[in-house]
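Residue strings, one per chain:
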Amino acid sequence: MSRDMSSAAVPASIVLNTIRRPVVMVDQEGLISFANAEAEDFFRSSAAVLAKNSLVKLLPFGSPLLTLVDQVRERNAPVNEYRVDVSSPRLGLEKLVDVYVAPVPEISGSVVVMLQERSMADKIERQMTHRSAARSVTGLAAMLAHEIKNPLSGIRGAAQLLETAVSDEDRSLTRLITEETDRIVSLVDRMEVFSDERPIERQPVNIHVVFDRVKAIAANGFARRIKINEIYDPSLPPVYANRDQLVQIFLNLVKNAAEAIGNDPQGEITLTTAFRPGIRVMAPGSRDRVSLPLEFCVIDNGPGVSEDILPILFDPFITTKINGSGLGLALVAKLVGEHGGVIECDSTPRGTSFRILMPAWKDDHPRHSFSDGNQAQ
């Protein structure tokens, strides 16, 4: 069969169902004449049910999307509109979409409507902000290491000398100087991690082996009284990553979840893995779009993150802990970003979910040899 004949034999519905955005066609009477698979999920109805409804019944009263459809019919020209509010009890609260509406020249009065939920677009935009914040900490860490640690060493040494010459009453002050100097040095040491700009050595890694390691550490330490659930896709391909850094990322997230739950006897942490095709982001320093089909989540049923903290959660020095440094999640964002991935947090008063999207291993990826058991299993 020729290429043209094979292409013509493929029904348009098959092509449209591969598009990871809701697409519907609305006829002259406002009835839905076609809906792809994503539209079924978006409107929470099957294509057969949608075909019996008009677009007016599916959208909230007075929705600007209806006005856009009318404009396209009148002008017979496509229209783009961003951040259109379609919130309703049926579709969900705070539902914002980008809309593309175009006429169908072959069918008089019909238009095609394609939607893109703003949630993922906003998450990717915020991820770029997280990476910028991490880069700012990188410069700060390099400066602190050079300009602060050396003077602190002299201050600590002077305090130790004074401790042998002062009275018992003043000795507590010299010890205070020593302890506070050590605390600042420890903080600077933690920040020096951000100044490490060496390329990441990556290879195919089985994420479930990583999660098993993280779960074992947590269950025998800080989360020993918390139930840890696993919802895994066993057919998941390897992730293209550095195994040790993955352990560091998820150990940090699980520890945060455990601290959020506290002493709640009903507290639970859930680890999930899934394959989510269709998510593509622009690779840093390149015009290429990278597919991020692997989704890993750390979910807890704690009290959630306050709304004022959520937008800046991955910024450095942001913390709700009494003695926290605010560098843990900033480091997680840096490591995920260096892997070409995306991290986002969704939170309600009933719990918090950290979601990470990562690239899968491909045969054309370079392979690095390790001697610590990093090979995918």
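Scroll up to find the structure.
The paragraphs below set out a description of the structure included in this document.

The rules behind each value
Residues numbered from 1 in each chain as written. Predicted model: local features only at pLDDT ≥ 70, side-chain atom pairs only at ≥ 80, totals over all residues. Heavy atoms only, no water. Helix = DSSP H or I, 4+ residues; strand = E, 2+ residues; numbered from the N terminus. Expected span 1.5 Å × (residues − 1). Buried < 20%, exposed > 50% of the residue type's maximum accessible area, 1.4 Å probe, protein only. Arc of directions from axis to C-beta. Contact = heavy atoms within 4.5 Å. Core = buried A, V, L, I, M, F, W, Y, C linked by side-chain atoms within 4.5 Å.

Brief notes about helix α6 (residues 64–75)
And then number 1: With 12 residues, α6 extends 16 Å from end C-alpha to end C-alpha; this agrees with the ideal 16 Å at 1.5 Å per step.
And then number 2: For α6, the full list of buried residues reads L65, L66, L68, V69 and V72. All buried residues of α6 lie within an arc of 160 degrees about the axis, which places them on one face of the element. Facing away from the buried surface of α6 by more than 90 degrees, the exposed residues are E74 and R75.
And then number 3: For α6, the elements touching its buried residues are α5 (55–58), β3 (79–85), β4 (96–103) and β5 (111–117).
And then number 4: Following α6 by one or two positions, N76 has its phi on the positive side, about 55 degrees.

Focus: the environment of L162
And then number 1: Positionally, L162 belongs in helix α8 (residues 149–163).
And then number 2: Exposure remark for L162: the relative accessible area of 46% places this residue in the partly exposed category.
And then number 3: The spacing of L162 and L173 is 11 residues in sequence and 9.9 Å in space, taken between C-alpha atoms.

As for the nonpolar core
And then number 1: Counting residues in hydrophobic clusters, the biggest one holds 41 residues, and the most contacted among them are L246, I249, F250, L253, I269, F296 and I343.
And then number 2: Elements with a contribution of two residues or more to this core: α10 (207–219), β8 (239–241), α11 (243–261), β9 (268–275), β12 (294–300), α12 (328–338), β13 (342–348) and β14 (351–358).
And then number 3: The biggest single contributor to this core is α11, with nine residues.
And then number 4: In this structure F250 touches I207, V210, F211, V214, F296, V298 and I356, once residues within four positions along its chain are discounted.
And then number 5: Judged by nonpolar contacts, the second largest core, of 26 residues, contains F42, V69, V72 and L115.

No statement about biological role is implied by the geometric values presented.
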